[in-house]
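Analysis of the macromolecular model
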Amino acid sequence: MRTLYRLLWLTRALEERLEVVFKQGHVVGGLYRSLGQEATAVGCGFALADGDWIAPSIRDLGALLARGLDPRDVIRQYTARGTSLCSGKDNTNHFTVPELGILGPISPLGTQLCVLNGVALSFRMRDQAQVCFTFQGDGASRTGTSHEGLALAAALNLPIVVVLEHNRWAFGTPSTHVAAVEKWEDVAGAYGVPAVTVDGNDVLQVYDAAAEAIARARAGDGMTILVAETYRMLGHAQHDAQKYVPEEELQAWRDHDPIRDFADYLVEFGFESDSSLEQVRSEVGAELDAAVDDVLAEGYPPAQEARTRVYDDPALDAAVPWTRGPVPGYEGLRPGITRRANAYREGA
Ligand SMILES: Cc1ncc(C[n+]2csc(CCOP(=O)(O)OP(=O)(O)O)c2C)c(N)n1
Ligand SMILES: [Mg+2]
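Every chain begins its residue count from 1, and numbering advances along the sequence as written. Key to labels: chains lettered from A, ligands numbered from 1, both in the order written. Per-residue local features are limited, in this predicted model, to residues with pLDDT of at least 70; the limit for side-chain atom pairs, both in listing and counting, is 80 or more; totals at the level of whole chains, interfaces and linings are taken over all residues. The side-chain numbers reported here are obtained from all heavy atoms of the structure, hydrogens and water having been left aside.

A few words now on the pairing of strand E3 (residues 160–166). Exposed residues in this analysis have more than 50% of their type's maximum accessible area, buried residues have under 20%, and partly exposed residues fall in between, with area computed by a 1.4 Å probe over protein chains only. Each helix corresponds to a stretch of at least 4 residues labelled H or I by DSSP, and each strand to a stretch of at least 2 residues labelled E; elements are numbered beginning at the N terminus. For E3, the buried fraction is high: seven of the seven residues fall into the buried class. Burial of the side chains of E3 extends over both faces: Ile160, Val162, Leu164 and His166 are buried on one face and Val161, Val163 and Glu165 on the other. Note on handedness: a clockwise path from strand one over the helix to strand two, with the strands aimed away from the viewer, defines a right-handed crossover. In terms of handedness, the path from strand E2 (residues 132–137) via helix H6 (residues 144–155) over to E3 forms a crossover that is right-handed. For two strands to count as paired, DSSP must find a minimum of two bridges between them. Here E3 runs beside strand E7 (residues 224–229); their pairing, made up of six bridges, is parallel. Bridged to Glu165 within E7 is Ala228.

The coordination sphere of the magnesium ion (ligand 2), as far as protein atoms go, consists of Asp138 (OD), Asn167 (OD1) and Trp169 (O), spread over 2.1 to 2.5 Å. Counting residues between consecutive donors of the magnesium ion (ligand 2) along the chain gives the motif D-x28-N-x1-W. Remark: Asn167 occurs in the loop between E3 and strand E4 (169–170) and Asp138 occurs in the loop between E2 and H6; sequence separation between them is 29 residues. With respect to class, Asp138 is no different from Asn167; both count as buried. Ligating atoms shown are N, O and S within 2.8 Å of the metal, or 3.2 Å for Na, K and Ca, and water is not included, meaning a site may look less than complete.

Close contact between helix H4 (residues 71–78) and helix H11 (residues 274–298) brings their axes to 9 Å; oriented N to C, the two are set at 40 degrees. Accordingly, the angle class assigned to the pair H4 and H11 is oblique. Handedness of the H4/H11 crossing: right-handed. When H4 is examined against H11, the residues Pro71, Arg72, Ile75 and Arg76 are found in contact with a partner set consisting of Glu287, Leu288, Ala290, Ala291, Val292, Asp294, Val295 and Glu298. Here the contact of H4 with H11 is composed, by residue class, of seven nonpolar, no polar and five charged. Angles here are taken between N-to-C directions and fall from 0 to 180 degrees, while the axes themselves are lines fitted to C-alpha atoms, restricted in helices to the stretch in contact. Just so you know how the angles are binned, under 35 degrees is roughly parallel, over 145 roughly antiparallel, 65 to 115 roughly perpendicular, and the rest oblique. Helix crossings are classified by the rotation of the near helix relative to the far one: an anticlockwise turn of less than a right angle makes the crossing left-handed, while a clockwise turn makes it right-handed. We call two residues in contact whenever any of their non-hydrogen atoms come within 4.5 Å of each other. The residue classification treats Ala, Val, Leu, Ile, Met, Phe, Trp, Tyr, Cys and Pro as nonpolar and Asp, Glu, Lys and Arg as charged. All others, Gly included, are polar.

Bringing the environment of Glu247 into the picture now. The topology assignment puts Glu247 in helix H9 (residues 247–254). As for Glu247 and Ala211, which are separated by 36 residues in sequence, their C-alpha atoms are 35 Å apart.

This part covers the environment of Asp289. Note on placement: Asp289 falls in helix H11. Among the residues examined, Asp289 registers a relative accessible area of 41% and is labelled partly exposed. Sequence separation between Asp289 and Arg254 is 35 residues, and the spatial gap between their C-alpha atoms is 26 Å.

A separate point is a nonpolar patch on the surface. There is a patch of nonpolar side chains on the surface, built from Met1, Phe269 and Phe271 and spanning about 310 Å² of accessible area. Take Met1: it is sitting in the segment before helix H1 (2–23). Patches here: salt-bridge-free residues with over 30% relative accessible area, like charges joined within 9 Å, nonpolar side chains (Val, Leu, Ile, Met, Phe, Trp, Tyr) joined within 5 Å. Computed with the Shrake-Rupley method and a 1.4 Å probe, the accessible areas treat only the protein chains shown as cover for residues. Note on definitions: salt bridges are taken to be side-chain nitrogens of Lys or Arg within 4 Å of carboxyl oxygens of Asp or Glu.

Attention now moves to the domain arrangement of the chain. Where interface size is given, it is often the accessible area lost as the parts come together that is meant. Domain start and stop positions are those given by an automatic or database domain assignment. Here the chain is described as being made up of domain 1 (2–298) and domain 2 (312–345). Distance between the C-alpha centres of domain 1 and domain 2: 36 Å.

Attention now moves to the pairing of strand E6 (residues 195–199). Summarising the sheet, E6 and E7 pair through five bridges and their orientation is parallel. Residue pairing across strands places Asp199 opposite Glu229, the latter belonging to E7. Taking the sense of rotation as the criterion, the β-α-β connection linking E6, helix H8 (residues 203–218) and E7 turns out right-handed.

Read from one edge of the open sheet, five strands run E1-E2-E3-E7-E6, paired in parallel fashion. Each having just a single partner strand, strand E1 (53–55) and E6 make up the two edges of the open sheet. Geometrically, the sheet is characterised by an average inter-axis angle of 20 degrees between neighbouring strands, direction not taken into account. Here six bridges tie E2 to E3, and the two strands are oriented parallel to one another. Note that in E3 the partner of Gly137 across the bridge is Glu165.

Glancing now at the site of ligand 1. Close to ligand 1 lie 13 residues, the nearest being Arg59, Gly139, Ala140, Asn167 and Trp169. Pairs of N or O atoms within 3.5 Å make up the polar contacts considered here, provided that, within protein, one atom can donate a hydrogen while the other can accept it, and that residues adjacent in sequence are counted only when both atoms are side-chain atoms. Within the backbone of Asp138, one N or O atom sits 3.2 Å away from an oxygen atom of ligand 1. In the complex, the protein chains occlude 68% of the 590 Å² of accessible area that ligand 1 would expose alone. Class assignment of the residues belonging to the shell around ligand 1 gives a composition of six nonpolar, five polar and two charged. Whether a residue is near a molecule or strand is decided by its heavy atoms; if any one of them lies within 4 Å of it, the residue is near.

Shown next as structure tokens:
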């Protein structure tokens, strides 16, 4: 119970620190938070075993921390330190960590399920009882590749659990605008797989349902769709003030905060006391303060490294020109203006 609470708090506190360093100008890309959704990510990540693989979306930091990802690696990544998992070449969370079974997010939504199907199929073909786990937002789940991925995973009976994170919004589009189903779990019938709906803000409910779905997949009984009913408490990313969201809706979900609710439960049923939880929060705070200071001191990578390790094959690093370089045939244009060059080519 305490580990779960610690992970929930760690997720929120780490994202809060990332927001501070973002506002200080240390984050070179976007920052996507999971405020209000921490229980879904943590409950799922905590239910996996060593050797399982997980493919997160941008709002599943808690699942990665539950899998053992070092918070310092997260700070390094967002602040593009040379020491980061992608050597400063990625500005959010597109990292893959094979030792922890983490398959990095793939930006075109829906696609990563298709890639994960390949991982799951390899487990099956090698007769390994490992499970793959992935998340899709309500928006992502409407893409063609998502439907393809679900259909294939179901048809091949792959050991996969797909969490549908129904957080009500996909950027500025409400989920009611992109689906005619009232209950999101009803989509599972079309693929012939079971679905379970849980309160995604209740970490114990999420954990129980995830553990059951994982056990099913491990036993060779195939895919489960887990619908997590939750809410995106902030805009899509830091640039989005979510002015399109009705205040009453936000308030209703503020009253069902996953971390506060879990803390109340722990105290009410005697697992913890206010002071033991305070102790957890202060330990996490101290750990993160030190981590931010240390990581910022690590610095950016040397400029010469920008062209190294872009491709898996070092020979390609040397041979392939930068996409931002001059466009062949339009050398007179300033380098880096590829979009304008394309418009020029098309006669616009
Ligand atoms: C195929 C595709 N279309 C559009 C985008 C741009 N985009 C990135 S995140 C996002 C919203 C995703 O919403 P949802 O899947 O509900 O996840 P959430 O942000 O709510 O966690 C969009 C439209 C994309 N990355 N890929
Ligand atoms: Mg969404």
